[in-house]
Structures are given as structure tokens and as C-alpha cells.
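Residues per chain are reported as follows:
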Amino acid sequence: MFSIIIPTFNNLEYLKKCIESIKKNSYYSRHEIIPHINDGSDGTLDFLAKNSFIYTHTKHNSGICTGMNMAAKKATTNYLLYAHDDFYFCPKWDFVLKKELDKIGHNKFYLSGTMVNNGQIDLDCGNDLNTFDEKKLLREIDNANYYDFQGSTWAPHLIHKEMWNKIGGFSEEFFPGTGSDPDLNMKLWKQGVRIFKGINNFKVYHFGSIVTRKYKNHPTIKTESGSRGAKIFLLKWGISISFFKKFILNSDTKYLGELKKPKKNINYILQFIICKLNFIYIKYIYNVNNKHNLI
């Protein structure tokens, strides 16, 4: 039913827990799990090969975008679900998504989940595997709710493979990943997608960017790109990520149906002008003075 794509970078124990949660808590059984292994020297490569998983592999950290694009080519279903390796999928996540897809009835959508811990729902069941209280999570998750919301959490997200191929997947200039999610949303918007919905009942427990924390301030390994991704987005689309989320996606507001063209009120115009001034600064002053080639 779903092709679950999981980029992973030497994070084997969390990947195992993620896969275990998918197998344990799925309503349907017809899913395929396709990790992309960055490096894999921690045993990830051996584990996936030994257990007959379909996967892709780069010997270095190729980042989220390249990993997703490579693994997505192996998918045999029509639906691509992007997940982090430190997610725990809560019960009947797939039943909720299937119900939503049946209601939509076409492939122009972007659906994302609700994150528990380090996300929309504040339910502390541990910040790592050593402190993870799975029994508490399963006992209390049905009573821990947010609401269906506009916009997205970026991950986990579900899109149709036809739309993924039409927009060319993730844009790899955003290596190692920061900024690639809103860029993907913008490309979908340009293709006429107007359903950007975060679903309350599609819940994942998020341990909180385990790999990013592990390699923070590492001298050679990059797992996040800071403000670079925001600058690339601005130069590519002429507006900032925050402008896109606020005025076009209406992010984090209650879901009221398909999005419309943004209302161009005074606040919109002022923020749009600020975006253009920042664009001029980044393109003609920042890039020249710092000799950066962002894109």
C-alpha cells in the first residue's frame, strides 16, 4: 500500500525501533520499507542485507535529499511516505491515511502527520531509547490530541508517486536537507496542489533529531545546513520560508479545506517587500562579499 522511505545515518538502534513500530502498529500489512543508508558502518548495512530489506546505499553522508530520491526509485507502490529513522509509528497510522486518501479521491495532495514529543503533542514518554516508555505511549496516545491543521510538519509526509516524479523529488541543492521540505511544498503548489493537511490521528512519536544531536558541531560531518537552506529558498523562489508558511500554506491554523490564493492585505504586502529586500541583499551583497555560491 505505502512505500515508506527512511533515510538513515549510522542510527541502527533507532531505525530498528522505527521498523518494529511500523510492523507492530500498522493496520494493513501490504507496506514496503525502503531505507537509504548513509555510510552504514555502524552495522546498518549488514542488518538490512541480512533481513532482506530493499535499500539504497552511499558510502558517505549524501544527505536526506539524495537518499530520498535514490530510495524512491525502488518504490513499487503509488504512495511515498517519508519518515525519519527516529520516529515511532503509533497504532493504525496507515488506517487513518487510507481513510483520508479515499476521501480525497485524487493525487494532488500533501499529507503529513502529527508529532508526539518534539512536536505538536506534548506527551513525554522518553527522549531516547533508554528512557522510552512504550507502554505509556500506547496507553495514553488516543487521549493525546492536537487538531487537523493547514500546512505540514514536513515529516512524516505522504505524496503520490506521480506528483513526486513530476516535481523531481527533493531538490538536492539543499544538502544536507534544511529547506528541502518547504521547497518540495512550493514545487507541489506550483503544480496546483492545494491540499496541504496535517492529520491529528496520524501520529508518530519523535525522539528528537537523534543524528543531528549526535553530530552537532562536528568538524567534517554535516547533518543540518542552518541558514543556508533558507537563503537558497529565498534566492530560488523570491520569498522566505516563513512568508511561504504564513501567507500561502497558512501553517498551523485549523484545517478548513483546500487552500486558496493568499489575500494580499497590508501585512502581506509589507512582508513581501521585506522578502524582496532580503533577496537583493543575499544575491548582490552577501554572495559577492562572502564569495558564496548558494545555488
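Above: the structure in question.
A few points on the structure. (Residues numbered from 1 in each chain as written. Predicted model: local features only at pLDDT ≥ 70, side-chain atom pairs only at ≥ 80, totals over all residues. Heavy atoms only, no water.)

**Observations concerning the nonpolar core**
Basically, it comes down to this: We define a nonpolar core as any set of buried Ala, Val, Leu, Ile, Met, Phe, Trp, Tyr and Cys residues linked to one another through side-chain atoms lying within 4.5 Å. Remark: exposure states derive from per-residue accessible area (1.4 Å probe, protein chains only) relative to the maximum for the residue type, with buried under 20%, exposed over 50%, and partly exposed in between. Contact criterion: two residues are considered in contact whenever any of their non-hydrogen atoms come within 4.5 Å of each other.
Residues Ile 4, Phe 89, Trp 93, Leu 111 and Phe 202 are the most contacted members of the largest nonpolar core, which totals 68 residues. Excluding its chain neighbours within four sequence positions, the residues that come into contact with Phe 202 are Leu 81, Phe 89, Trp 93, Val 96, Leu 97, Ser 112, Gly 113, Thr 114 and Pro 156. In terms of nonpolar packing, the next biggest core, distinct from the first, is built from 13 residues, Cys 90, Val 116, Ile 121 and Tyr 205 among them.

**With respect to unusual backbone geometry**
Test applied: A run of H or I in DSSP counts as a helix once it spans at least four residues, and a run of E counts as a strand once it spans at least two, with each numbered from the N terminus.
Here the residue pair Ala 155 and Pro 156 is connected by a cis peptide bond, since its omega of -5° sits within 30 degrees of zero. With respect to the secondary-structure elements, Pro 156 resides in the loop between strand S7 (149-150) and strand S8 (157-160). Here Phe 175 and Pro 176 are connected by a cis peptide whose omega angle stands at 0°. By the element assignment, Pro 176 lies in the loop between helix H6 (161-167) and helix H7 (180-190). Phi angles above zero are rare outside glycine, and Lys 92 is one such case at about 60°. Structurally, Lys 92 is set in the loop between strand S5 (87-89) and helix H4 (93-104). The backbone phi angle of Asp 252 is positive, close to 75°, even though this residue is not glycine. On the basis of relative accessible area, Asp 252 is assigned to the partly exposed category, the value being 40%.

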